[in-house]
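Now for the letters of each chain:
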Amino acid sequence: MYRYCRARLLRSACGMNARQRSRVILAGVSLLGLVGGILTWWRSEAAVSVVHDLRPPSLHLSRAQLAPRSAKEQLDQRLSEYCHKSLLQFVDASAASEEAKLSGDQQSLELVQVHVIARHGDRSPAHAFDMGPKQNFTCGLEGNSWAGLKRFAVKPLPPSSKINLADFPVFPGSSSKRCGVGMLTGAGFRQHYTLGAMIRQMYHDFLSTVKPDQIFVHSTSFQRTVQSAAAFLHGYSRDDEAGIPIHISDGDVLSAPPVGVKTTPPCKKLGAFYRKLHTGVPDKERWQDLVESIQATFGLVLAVDTGEAAIRLADHVMARLCHQFTLPCNHRAQCLDEASALELIEGADVAWKHRYTQEYSVVAMRPFMQHSLEVMDAAVRSKHTYKLLLSFAHDSTLAMVLDTLGVKSSGWMPYVSRVVMELWKSRKDGRTHFVRVLFNGLDITGQIVNQTHSGEYTRLIEYNRWRSMLLANTTMASYQECVNMTSS
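Residues numbered from 1 in each chain as written. Predicted model: local features only at pLDDT ≥ 70, side-chain atom pairs only at ≥ 80, totals over all residues. Heavy atoms only, no water.

In this model helix 9 (residues 285–298) runs 20 Å from its N-terminal to its C-terminal C-alpha over 14 residues, within 8% of the 20 Å that 1.5 Å per residue would give. Those residues of helix 9 that fall on the buried side of the exposure criterion are Trp-287, Leu-290, Val-291, Ile-294, Gln-295 and Phe-298. Each buried residue of helix 9 sits inside an arc of 135° when the element is viewed along its axis, so together they form one side. Helix 9 presents Glu-285, Asp-289 and Ala-296 as exposed residues on the side facing more than 90 degrees away from its buried surface. The inward-facing, buried residues of helix 9 abut helix 10 (306–321) and helix 11 (338–353). (Helix = DSSP H or I, 4+ residues; strand = E, 2+ residues; numbered from the N terminus. Expected span 1.5 Å × (residues − 1). Buried < 20%, exposed > 50% of the residue type's maximum accessible area, 1.4 Å probe, protein only. Arc of directions from axis to C-beta. Contact = heavy atoms within 4.5 Å.)

What follows is the structure, encoded as structure tokens:
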């Protein structure tokens, strides 16, 4: 007993009887269990975070949140973020989003230009894996209201491009149409229709003076992004704005310039440059057995590294679960369980975080960022230019835009994610301009690297600093290294 009582934290127990000591010990065990639950919850939250640096911490945790969560609960939370079902119907976004709002700075600043870069909406799986039971994704639309999509024309960008416009119908047809690989679903159309209406609402005062010829719409050469653009415009536009065209740029990095903007040529050897810089996924052994087991169970052979295989398999699984389809099973009724699905998605998140280096992102997005800068320059000089630029692309595009700005994503971005760049002007002198950057409605300007926010407007980047940062990126030596590579 003497040795027991020497323990510093248990000395007060020495004068207790056996029953009292038992109560103290039980209380200690309960406390340890609570601490363990908190740690388990924290680890699971960190593991499933979509964009770790961008998601605000929870301020109030319920008792249920503090308890350890099952694989199903964690999987449901991850899917609620990725599937972005909150955009399936219109909600009043004015309270939840920070777009177009500067609180106390609002009266002394005027919004002069807005750039929106958005990921496409919900889609069918991007890879055609035979993972049963087979599910039919519906890519048609029902209801006469969707016929309004036909009023938006598509154009090649540049006009000399040999893009076959017949490959990009803005109206997919009836509700009975089945999806091909990687096609926008009816849910994806509704998500972008809602986003268009929300942008119209949030920027109502600014957009009330914007004319159709001051809006530029840009899409990559994928049917799902072109149709996302059409759905967005359908939700955004009034009857007198039916003539807004959708410009299609070949490829997936929006390298063609807006009409009237000088061309910044892309590096044509991006593939070789990517392979040189890509080092793979760290700690890939953690998911390697799972990835190989899934391939063996379903008879798949993916000739890619572990990280890319995790991304492709997780894409298939998440696309199914976003539509409440069952987890895949093979012909022997061997099924992927929820714990394995969650682990696979966590592996895909890590692979996404390391898919692109900042050096590669800067080179790949050089044309797009340079063209955006030139349009901003024109607005700063008060020249006639676009006031609203809408770009529709992919998760990779948004990740590389953020990476170029020094904001690293830590996982797979949800459907319909958006990056917004706002250009503001001082009402005091009419000359000083500022830039603000938002991700999914949250102001992330303070996270942009190498930028000190000083002076009167501490939450904005003074335009000359913004310009210098982008120019430094777009003229960096890595671009010349990419151009001068001998292999393709």
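Structure shown, so let's carry the discussion forward.
Tyr-203, Ile-246 and Trp-466 are the most contacted members of the largest nonpolar core, which totals 129 residues. Ranked by residue count, the leading element in this core is helix 10, at nine residues. Contacts of Ile-246, omitting those with residues within four sequence positions, involve Phe-152, Ala-153, Val-154, Lys-155, Val-170, Val-217, Ser-219, Val-226, Ala-229, Ala-230 and Leu-233. Phe-216, Ala-256, Val-261 and Tyr-386 belong to the second-largest nonpolar core, a separate cluster that totals seven residues. (Core = buried A, V, L, I, M, F, W, Y, C linked by side-chain atoms within 4.5 Å.)

Within strand 3 (residues 215–220), six of the six residues are buried, which leaves it mostly tucked inside the rest of the structure. Residues Ile-215, Val-217 and Ser-219 of strand 3 are buried on one face, and the alternating residues Phe-216, His-218 and Thr-220, pointing to the opposite face, are buried as well. Alignment of strand 3 against strand 5 (residues 388–393), held across five bridges, turns out to be parallel. Pairing of Phe-216 across the sheet is with Leu-389, part of strand 5. Bridge count between strand 3 and strand 4 (residues 246–249): four bridges; the pairing is parallel. Considered in strand 4, the bridge of Thr-220 is made with Ser-249. (Pairing = 2+ DSSP bridges.)

Next up on the list: the pattern of salt bridges. Side-chain pairing between opposite charges can occur once the charged atoms of the two side chains come close. All chains considered together, the criterion is met by 13 salt bridges. Among the salt bridges present, the one from Glu-99 reaches Arg-418, with a minimum N-O distance of 2.8 Å. Remark: Arg-418 occurs in strand 6 (residues 418–426) and Glu-99 occurs in the loop between helix 4 (71–83) and strand 1 (109–119); sequence separation between them is 319 residues. Its relative accessible area of 2% is what places Glu-99 among the buried residues. Of the charged contacts, one joins Asp-443 and Arg-436 as a salt bridge, the two residues approaching to 3.4 Å between their closest N and O atoms. (Salt bridge = Lys/Arg side-chain N within 4 Å of Asp/Glu carboxyl O.)

So, about the state of the cysteines. Counted according to the given criterion, the structure contains four disulfides. Here Cys-83 connects covalently by a disulfide to Cys-322, the sulfurs 2.0 Å from one another. Across the S-S bond linking Cys-83 and Cys-322, the dihedral sits near -85°, which makes this disulfide left-handed. Here the residue Cys-83 occupies a position in helix 4, and Cys-322 occupies one in the loop between helix 10 and helix 11, the gap between them amounting to 239 residues. Per residue, the accessibility class of Cys-83 equals that of Cys-322, and both read buried. At a sulfur-sulfur separation of 1.8 Å, the disulfide partner of Cys-329 is Cys-335. The chirality of the disulfide connecting Cys-329 with Cys-335 is right-handed, given an S-S dihedral of about 105°. By relative accessible area, Cys-335 is classed as partly exposed at 45%. (Disulfide = S-S within 2.5 Å.)

This brings us to the side chain of Ser-426. Mapped onto the secondary structure, Ser-426 falls in strand 6. Relative accessible area serves as the criterion here: at 5%, Ser-426 is assigned to the buried category. At a separation of 3.1 Å, a polar atom in the side chain of Ser-426 contacts the main-chain amide nitrogen of Lys-428. (Polar contact = N/O pair within 3.5 Å; in protein donor to acceptor, adjacent residues only side chain to side chain.)

Take the packing of helix 10 against helix 11 next. Taken N-terminus to C-terminus, the directions of helix 10 and helix 11 make an angle of 125°; their axes are 8 Å apart at the nearest point. Of the possible angle classes, the one that applies to helix 10 and helix 11 is oblique. In terms of crossing hand, the pair formed by helix 10 and helix 11 is left-handed. Residues Gly-307, Ala-310, Ile-311, Leu-313, Ala-314, Val-317 and Met-318 of helix 10 lie in contact with helix 11, whose contacting residues are Ala-341, Leu-344, Ile-345, Gly-347, Ala-348, Ala-351 and Trp-352. In terms of residue class, the contact of helix 10 with helix 11 is made up of 12 nonpolar, two polar and no charged. (Axes fitted to C-alpha atoms, helices over the stretch in contact; angles between N-to-C directions. Parallel < 35°, antiparallel > 145°, perpendicular 65-115°, else oblique. Left-handed = near helix turned anticlockwise from the far one by under 90°. Nonpolar A, V, L, I, M, F, W, Y, C, P; charged D, E, K, R; others polar.)

Most of strand 7 (residues 433–439) is tucked away, with seven of its seven residues classed as buried. Along strand 7, one buried face is formed by His-433, Val-435, Val-437 and Phe-439 and the opposite face, lined by Phe-434, Arg-436 and Leu-438, is buried too. Linking strand 6 back to strand 7 in an antiparallel pair, the connection comprises six residues, with Gly-430 at a positive phi of about 70°. Note that strand 7 and strand 9 (residues 461–462) share two bridges and pair antiparallel. Its bridge partner being in strand 9, Phe-434 is matched across the sheet by Glu-462. Judged from the two bridges that link them, strand 7 and strand 8 (residues 442–443) form a sheet pairing that is antiparallel. Following the sheet pairing, Phe-439 is matched in strand 8 by Leu-442. From the end of strand 7 to the start of strand 8, which pair antiparallel, there are two residues, and Asn-440 there has a positive phi angle of about 50°.

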